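One letter stands for each residue in the lines below.
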Amino acid sequence: MTTTTPAYVGSELNRVEGLDKVTGRARYAFEYSPQDLAYAVPVQATVARGEILAVDVDAVLKHPGVIAAVWYGNAPRLAPADNAELSVLQSSRVAYRGQYVAVVVAETLQDAREAAESVRVEYAAEPHDVGLRTDHPGLYRPDHVNPNFPTDTEQGEPDAALAAAQIVVDATYTTPAEHNNPMEPHATVAAWDDDGLTLYDSTQGASLVRDTVASLFGMPPGNVRVVSPHVGGGFGSKGAPHPHVVLAALAAKQTGRPVKLAVTRQQMFAVTGYRTPTIQRVRLGADADGRLTAIVHEAFEQSSTIREFAEQTTVPTRMMYAAPARRTTHRLVRLDVPTPTWMRAPGETPGMFALESALDELAIACGLDPIELRVRNEPDVEPESGLPFSSRNLIACLREGARRFGWAGRDPAPGIRREGRMLVGTGVASSTYPVYRSPSRASARAEPDGRFTVRIAATDIGTGARTVLTQIAADTLRAPAERVRVEIGDSTLPTASLAGGSMGTASWGTAVVRACEALLDDLDRRGAEVPDGGVEASADTSEEIRTQQRFARHAFGAQFAEVGVDVDTGETRVLRLLGVFAAGRIVNPKTARSQFIGGMTMGLSMALLEESVMDREFGDYLNHDFAQYHVASCADVPAIEALWVEEDDPHLNPMGSKGIGEIGIVGTAAAIANAVHHATGVRIRDLPIRLDRLVG
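Presented here is a report on the structure given in the accompanying data block. (Residues numbered from 1 in each chain as written. Predicted model: local features only at pLDDT ≥ 70, side-chain atom pairs only at ≥ 80, totals over all residues. Heavy atoms only, no water.)

**A short note on the side chain of Glu301**
- Following the sequence through the fold, Glu301 ends up in strand β16 (residues 292-304).
- Within the buried set, Glu301 has no salt-bridge partner at all; the shortest N-O distance to an opposite charge, 9.4 Å, is to Arg318.
- Looking at Glu301, its side chain comes within polar contact range of the side chain of Thr313, at 2.4 Å.
- With residues up to four places along the chain from it excluded, the contact list for Glu301 reads Leu132, Thr276, Pro277, Thr278, Ala310, Glu311, Thr313, His330, Arg331, Leu332 and Val333. (Helix = DSSP H or I, 4+ residues; strand = E, 2+ residues; numbered from the N terminus. Buried < 20%, exposed > 50% of the residue type's maximum accessible area, 1.4 Å probe, protein only. Lys, Arg positive; Asp, Glu negative; His and termini not counted. Salt bridge = Lys/Arg side-chain N within 4 Å of Asp/Glu carboxyl O. Polar contact = N/O pair within 3.5 Å; in protein donor to acceptor, adjacent residues only side chain to side chain. Contact = heavy atoms within 4.5 Å.)

In structure tokens:
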């Protein structure tokens, strides 16, 4: 009798590590406690710009339990870093308030915290500048924007096209600084031994942390091991090492003891990255039928004085809609602020808020349904590159979403629907996110007992990566999933790309498929015999990815929102959200839905709540805890639904999948803002949608 192994890709396999998580067996970075462990607590700068003149180390060392106090004057020297944020305690200069200026190491966390709070630092403070504005004299054109896109692009004659357009929208939109705030704060345990350095770290990329830290300490990468089997979220903030990782390693090296350093929630607002605030001007020109003749999108952003990070805010505008004349630009100013970094869907999230809000304004000016306007401006090829799309099903998402949401018969007139105390309105916006794939390596091993082990230095940040890689490996090996074990989260495993850019499954999955295929080939040559020592094969996808065909690869989606706005207070409630996505083959519908609705919830939070408020007098963020920095809770999301259209794209990867971790947040804020306008007639161009912006 022939048995058939079930197809796992496309099925709702439960998380393979679920039992470990609910029983507490899954260990996170802070939970590792090597023998003879000490605790480190950083000291942060209390000025936003200046020079450190002295640190009273002797007084600190008299505190009970204190082992060491390290600052610029006595810190071990590091190799020069491309990212000056990682040159921790290597300079007496202060670049922003909250920057690490010293660290105290003690026998207990309580001793270290008490001693750190008593550290006296003498500064020569200097005037600081923390304000982003469009007329700042320090604005400049960076060489490129994240990760390596051209800073500016232009086609045709956009100024002339705007001047000649029958209908023009010209509006400025702003988004505030926003902080990532994953559930698990950043933490690192550092331990040195004769073989080098071991880091237990909460990171989205063990291989990247290994290579970065090894370079700073002048060691071969093989002398650094990064262990990160479980990570409690990151949203981009754990995509690259931050100063606390280096500080833990420095403290451990200085003391000769393993050191544990946990970044508090309050400290995370200064030292683990954030989304830059943006000021965006969007100008759209159209003919009487609503067909775009010109698109101009300009973005103004900030970075720190010690590292350039330029978010790719206007990049999605380059490929969303057809128009013969177009221009996109980015201008950056270096301020006395912490360095911004990746936050879920960097570029697309703030950029699509502005573009999709402007599209809604254009639809009203043209007297068109906002869905019909988008359909009329659907491009045949990627507008600026001219590349064919590997697949593009935006219209299918809009049509299916309209059907399910009940869009037909929507009265476009604003401010006329009332339910009790609430004015009610609906809005729509498009979503998009590029499809990335990075080189990775993997190994696959067959054991004599019929089991398989797949190894890759991937990271599961709570998305379900272990599970989907198990599904991919099981299908390729034609084996039951329960006989396949996937090992991830350790830099000693085959090198892998980080968990970011929605490229994890595509990158790691390709490597896993190729390693499993190589193993099957080897087993075929052996007549399916597995020797006592097992059989192992490996794969490196560098050449496959380097030689892949050129296509414009993107995922697309449509976001629909219904809101209610209190007529007296201006309190806005999202009554329901619907997202429809075209993201290739869905590997696991259960984990995919979690990613989509998680992104959409984060987009709701962006629209209504999230705002990091800069104190211009002292130069840091005022609302640096969850008491004041508000994020959406379950009560804020009464009805949310995510679904997808079937999409078969042969130009992606062996699984036919597109990334889904970030597209859910893209466009959600615009859909909500558009719905608020439909409900009230008030156009909100500055996020978040606060009461004072609705009730003037």
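**Re the sheet that holds strand β6 (residues 121-125)**
- Strand order in the open sheet made by the three strands is β4-β2-β6, with antiparallel pairing throughout. Lying at the two open borders of the sheet, with one neighbouring strand each, are β4 (93-94) and β6. (Pairing = 2+ DSSP bridges.)

**Some thoughts on unusual backbone geometry**
- In the segment running from Asn146 into Pro147, the intervening peptide bond is cis, with an omega of -10°.
- Structurally, the position occupied by Pro147 is in the loop between β7 (144-145) and β8 (149-150).
- Omega for the peptide link from Leu687 to Pro688 comes to -5°, which places this bond in the cis form.
- Within the fold, Pro688 resides in the loop between α16 (668-680) and α17 (691-694).
- Residues other than glycine seldom take positive phi values, yet Asp36 does so here, at roughly 65°.
- Classification of Asp36 as partly exposed rests on a relative accessible area of 46%.

**Considering the pattern of salt bridges**
- All chains considered together, the criterion is met by 52 salt bridges.
- We note a salt bridge from Asp566 to Arg421, for which the minimum N-O separation is 3.1 Å. Taken together, the residues span a long stretch of sequence, with Asp566 in strand β24 (residues 554-566) and Arg421 in the loop between β18 (418-419) and β19 (422-434) at a distance of 145 residues.
- In this structure Asp566 comes out as buried when scored by relative accessible area, which is 13%.
- A salt bridge links Asp692 to Arg690; its shortest N-O distance comes to 2.9 Å.
- Given a relative accessible area of 46%, Asp692 falls into the partly exposed group.
- Among the charged side chains, a salt-bridge network with shared partners connects Arg445, Glu447, Arg455, Arg485, Glu487 and Glu536.

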